[in-house]
Structures are given as C-alpha cells and as structure tokens.
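What the coordinates show
The chain contents come next:
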Amino acid sequence: QYSPDSVAGADGEIDPSQVTFPGCSCRSSSCVAPECPCLCRGQNYSGLCLRAAEQQDQPFSRPVFECNSLCCCGESCQNRLVQRGLQLRLQVFRTHRKGWGVRALEPIPRDTFVCEYAGEVLGFAEAQRRIQAQSPQEPNYIIAVREHLHDGRVMETFVDPTRVGNVGRFLNHSCEPNLFMVPVRVDSMVPRLALFAATDISAGEELSYDYSGRFHNLPGASREHKPLEEENSLRKPCYCGSRTCSSFLPWDSSLFSTP
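Rules used in this analysis
Residues numbered from 1 in each chain as written. Predicted model: local features only at pLDDT ≥ 70, side-chain atom pairs only at ≥ 80, totals over all residues. Heavy atoms only, no water. Helix = DSSP H or I, 4+ residues; strand = E, 2+ residues; numbered from the N terminus. Buried < 20%, exposed > 50% of the residue type's maximum accessible area, 1.4 Å probe, protein only. Areas by Shrake-Rupley, 256 points an atom, 1.4 Å probe, with all protein chains shown as cover. Core = buried A, V, L, I, M, F, W, Y, C linked by side-chain atoms within 4.5 Å. Contact = heavy atoms within 4.5 Å. Pairing = 2+ DSSP bridges. 1 Å grid on protein atoms, 1.4 Å probe; cavity = no way out; pocket = protein on both sides within 12 Å on 5 of 7 lines; lining within 4 Å. Points joined across faces, edges and corners; volume = space filled by probe spheres on them. Nonpolar A, V, L, I, M, F, W, Y, C, P; charged D, E, K, R; others polar. Salt bridge = Lys/Arg side-chain N within 4 Å of Asp/Glu carboxyl O.

Examining the overall build of the protein chain
A count of helical and extended segments in the protein chain gives three helices and 14 strands. When each of the 259 residues of the protein chain is scored for burial, the buried share is 47%. Total accessible area computed for the protein chain in this model is approximately 13000 Å², and 52% of it derives from carbon and sulfur atoms.

Description of the nonpolar core
In terms of nonpolar packing, the biggest core is built from 29 residues, with Leu90, Ile108, Val114, Tyr117, Leu207 and Tyr209 touching the most fellow members. Contributions of two or more residues to this core are made by strand S6 (100-104), strand S7 (113-117), strand S9 (143-148), strand S12 (179-185) and strand S13 (192-197). Apart from the residues within four sequence positions on either side, Tyr209 is in contact with Tyr117, Ile143, Leu171, Asn172, His173, Ser174, Pro177, Leu179, Met181 and Leu195. Listed in part, the twelve residues of the second largest apolar core include Tyr45, Phe180, Val182 and Ala198.

Describing the pairing of S12
A regular strand places its side chains on the two faces of the sheet in alternate fashion. In terms of burial, S12 is a largely internal element, seven of the seven residues being buried. Here strand S4 (residues 64-65) pairs with S12 via two bridges, running parallel. In the sheet register, Val64 faces S12, and the bridge partner there is Val184. Relative to S13, S12 runs antiparallel, the two being bridged by six bridges. Looking across to S13, one finds that Met181 is bridged to Leu195. Between the antiparallel neighbours S12 and S13 lie six residues.

Remarks on the layout of surface pockets
Reported here for the second largest pocket is a volume of approximately 510 Å³. Of the residues that constitute the lining of the second largest pocket, the class distribution is 13 nonpolar, five polar and six charged.

Brief notes about the sheet that holds S13
Ordered in space as S4-S12-S13-S7, the four strands form an open sheet in which the pairing is mixed. Every other strand in the sheet has two partners, leaving S4 and S7 as the edge strands with one partner each.

Comments concerning the pattern of salt bridges
Counted by the stated rule, this structure contains eleven salt bridges. For Arg192, the salt bridge goes to Asp5, with nearest N and O atoms at 3.4 Å. Here Arg192 is found in strand S13, whereas its partner Asp5 is found in the segment before strand S1 (7-8), with 187 residues between them in sequence. For Glu116, the salt bridge goes to Arg192, with nearest N and O atoms at 3.9 Å. Of this pair, Glu116 sits in strand S7 while Arg192 is found in strand S13, placing the two residues 76 residues apart along the sequence. One exposure class covers both Glu116 and Arg192, and it is buried.

Describing unusual backbone geometry
Cis peptide bonds are those with omega within 30 degrees of zero, and the linkage from Ala33 to Pro34 qualifies with 5°. With phi around 80°, Ser247 is a residue other than glycine that occupies positive phi space. Take Ser247: it is sitting in the segment after strand S14 (208-209). Overall, the relative accessible area of 43% leaves Ser247 in the partly exposed class.

Okay, here's the thing in structure tokens:
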C-alpha cells in the first residue's frame, strides 16, 4: 500500500500522526531565527536544502524541527520542507543484481531534500519479531534509527516499509552512498526519516544511502558489529560495488538477541 507518510504499525504502539508539539506564534509568512522557537530547536533549511555551513561543522546528522499544524506561520514558510513531500522527478527501475532501485531524472544539488523513508512505525518488540522472521532473500529492510541525546539516552525509531511505504522503500544500500538520513520532526517526537543529497547528483544516477547510519555520523553511533561466521548465513548480501563494500548489508545485533 502506497503512503507518502509513515503510519502507525500493526502493533499500535506508536502513532506518528499524533500532534504533541506546540506551535510557534510567528505572524510572518516565513519564520526566521532566533525569533521562531521551531528553528531554534535544531538544524534548519536554506531554501530546499539543509544549511550547508552548519552541516560542515557537525560530524553527525542533527535533527530538524519543522513548523507544524499548530504554528501561526503560513504554508509558504521556509521551515516547512519535508512535510510538503516529494518534489523531484525520480524513477523506480530494475537493477542488474539488487532488485528494484531508484534513480534521479534530474540533477540534484548537494544538501537538497530528496524523499522520505516511510512505512509502519513499530515498537522494539514488533520490529525485532519481524526482522527475525525475515529470510536473507526478502528484499525489505526495516530501518532502526537511534538518536543519541545530550543526557546519554538513546531514542529509537523503527520503520518497516514491507506493507505500507513510499518510493523510499526501493532505495538501495551503498557503502559509499550519495544520500544521508536526517530525523525531521513536524507534529510530534516521532521523526520523519528524510533523505538529503550528500553530494551533487547527476540525472540518471542511482540513489542510495548507508543503512547502518555510519555515513555523516560519529563513529560508533551504529550498533553494527562484526558478526560471528555462522551469522553470515542470516545476512543479506551487499551488491553496491563500491571500493569499500563490506559484502553484507549492515547487521544490528540488538535486533537478533534474545530478551
């Protein structure tokens, strides 16, 4: 089932559409920092892109807080980007070895918002159950996003595009990707998983990102580890073809451990 946005999973544990953030009281057509509290919470935009100057100074993907349904600013506010959805011309196509893939049909400048990775938002127990039930031959990949907070806590978001999803479900992994993922919050603490261009992308180029979260993030932010030899039979092979290809898709040990 196609859905441009993530939806509540079958376990009913998390509802990403619930409005919990207060709105800003900005009366201008487009909010500006530092007056707007939404813009002051995290990283923000310049046109259709993340602000490049901030991105260069941070070795990790900072969250973005967009203006939401309770804000007083207009729909044309520059702090409303991911919520507007896909704006680029993309094409789903059949690759040689990786199943379906996605390529750009127009040039995409660096730091431009490309698309969202949407699906069912699950709690940990249901995400773990589904991942353990998958075989290495199944093409779908449940994304586990972990955000490290200033007080040491880790927020986890699990998105499964198997039954409900958008064009993002067809994006392949690469060990040298041209996209990176940023958690973007609009109405609640449940983030939208937004993908931005890591470099200038040419028309016709396949789009990819690093499923492990290593790219554009601090070393050690991922829970991936070097699996035991017998675990390799459970892993999905990687066919990205990059110089640094690790032969297998990322492996998250916490989702395979017994509680």
